[in-house]
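# Chain and residue survey
So you can see what is in the structure, the chains are spelled out below.
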Amino acid sequence: MKNILAKRELSKLGQFVDPETLIAFDFDGTLAPLARDPRAAQLRKSTLRLLTRLAQRYPTVVISGRPRADVLARLNGVPVRAVIGNHGLEPSPDAARYHGLVKKWLPQLREALSGIHGLELENKLYSISIHYRRARGRAAARTAIGNAVQALGEEARIVDGKLVVNILPSNAPNKGSALQDIRTAMAAKHTVFVGDDVTDEDVFAANQPQQLLGIRVGRAPASGASHYLAKQADIDHLLKRLLELSAVNDNAGE
């Protein structure tokens, strides 16, 4: 992995990006700092200003594990082209079926995990997230969650996150397939995607260097992303660089 903000890599970014490049982001840990309480997550004012300008210059989308309505509220009117929620499955023509599965799973999970303190079951309507950051014994809590999800049967699949287990319908779209659908609909030849978590590996795994530039927040050699940002606060530097490239492209076209 290479730091996208290194001088040589910024030059490569300039060769990759054009005014029609699709720019896509995860939300938590990428656009917004991770918060101990997920309900408190929000964009920095500087990021909000830069992202608003970016969305006016490039086709921009956000693909998050949060419910779509939640992400829209936290974007504060940023004019993005699309917001995809629930790890890539919202919106979906199969939303009613996914919602039915979640309604069936919730009481089973609550009963199975009732004896473990510090867990938080988050109902995202079309998926479930079980946060175990506050569990006293995290390893034991993660094992218990895995056993409880296994009891749900083949309709459920686990996607691990940072001290959270996401439970999704096994055949539902993921972030990778959702982004591919957007790329196709927009006829985007080039895409930049920035993410920070295990769920974002569904995008990075596409490994199409001529079409997709994957940037991970935090260096992780096992990631499918080709580039990284050293820390979440560096997102502002990347946004500034993309805006500078937009201005260069404008001047070149005059």
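One can find the structure itself at the top, above this paragraph.
Below is a summary of the structure that appears in this document. (Residues numbered from 1 in each chain as written. Predicted model: local features only at pLDDT ≥ 70, side-chain atom pairs only at ≥ 80, totals over all residues. Heavy atoms only, no water.)

### A short note on the sheet that holds strand S1 (residues 2–3)
Reading across the sheet, the seven strands line up as S1-S11-S10-S9-S2-S3-S4 and stay open at both edges, with parallel pairing between neighbours. A strand with exactly one partner marks an edge of an open sheet, and here the two such strands are S1 and strand S4 (82–84). Pairing between strand S9 (residues 191–195) and strand S10 (residues 212–217): five bridges, direction parallel. Considered in S10, the bridge of Phe 193 is made with Gly 214. (Pairing = 2+ DSSP bridges. Helix = DSSP H or I, 4+ residues; strand = E, 2+ residues; numbered from the N terminus.)

### What about the nonpolar core?
In this structure, Leu 13, Phe 25, Leu 54, Leu 75, Val 194 and Leu 238 are the most contacted members of the largest nonpolar core, which totals 34 residues. Elements supplying a minimum of two residues to this core: helix H1 (7–16), strand S2 (22–25), helix H2 (45–57), S9, S10 and helix H8 (235–252). Sorting elements by how many residues they give to this core places H8 first, with six residues. Each residue touching Val 194, except ones within four places of it in the same chain, is listed here: Ala 24, Phe 25, Asp 26, Thr 30, Ile 215, Val 217, Leu 229, Ile 235 and Leu 238. Counting residues in each nonpolar core, the second largest holds 19 residues, with Leu 106, Leu 113, Leu 119 and Val 149 among its members. (Core = buried A, V, L, I, M, F, W, Y, C linked by side-chain atoms within 4.5 Å. Buried < 20%, exposed > 50% of the residue type's maximum accessible area, 1.4 Å probe, protein only. Contact = heavy atoms within 4.5 Å.)

### Looking at the environment of Lys 103
Checked against the element boundaries, Lys 103 lands in helix H4 (residues 95–112). Sequence-wise, Lys 103 and Gly 195 are 92 residues apart; in three dimensions their C-alpha atoms are separated by 29 Å.

### Quick notes on the pairing of strand S8 (residues 164–169)
Regular strands have side chains that alternate between both faces of the sheet. In terms of residue burial, S8 counts as a mostly covered element, since six of its six residues are buried. Direction of pairing for strand S6 (residues 128–131) relative to S8: antiparallel, over a ladder of four bridges. When the bridges of S8 are listed, Ser 129 appears paired with Asn 166. Of the strand pairs in this sheet, strand S7 (residues 156–160) and S8 are connected by five bridges, and their pairing is antiparallel. Bridge assignment links Arg 157 to a residue of S8, and that residue is Leu 168. The hairpin turn running from S7 into S8, its antiparallel successor, is three residues long, and Leu 163 in that turn takes a positive phi close to 60 degrees.

### A closer look at the environment of Ser 226
In this fold, Ser 226 is placed in the loop between S10 and strand S11 (227–229). Overall, the relative accessible area of 35% leaves Ser 226 in the partly exposed class. Between the alpha carbons of Ser 226 and Lys 2 there is a distance of 6.6 Å; along the sequence they are 224 residues apart. When sequence neighbours within four positions are dropped, the list of residues in contact with Ser 226 reads Met 1, Lys 2, Leu 213 and Gly 214.

### Topic: the sheet that holds strand S5 (residues 120–123)
The sheet built from four strands is open, its strands ordered S5-S6-S8-S7 with antiparallel pairing. Both outer strands of the open sheet, S5 and S7, are each paired with one neighbouring strand and no more. Shown here is a sheet whose adjacent strand axes are inclined to one another by a mean of 25 degrees, direction ignored. As paired strands, S5 and S6 are joined by four bridges and run antiparallel to one another. Across the sheet, Glu 122 pairs through a bridge with Ser 129, a residue of S6. Packed onto the sheet, H4 meets S5, S6, S7 and S8 and runs at close to 135 degrees relative to S8. (Axes fitted to C-alpha atoms, helices over the stretch in contact; angles between N-to-C directions.)

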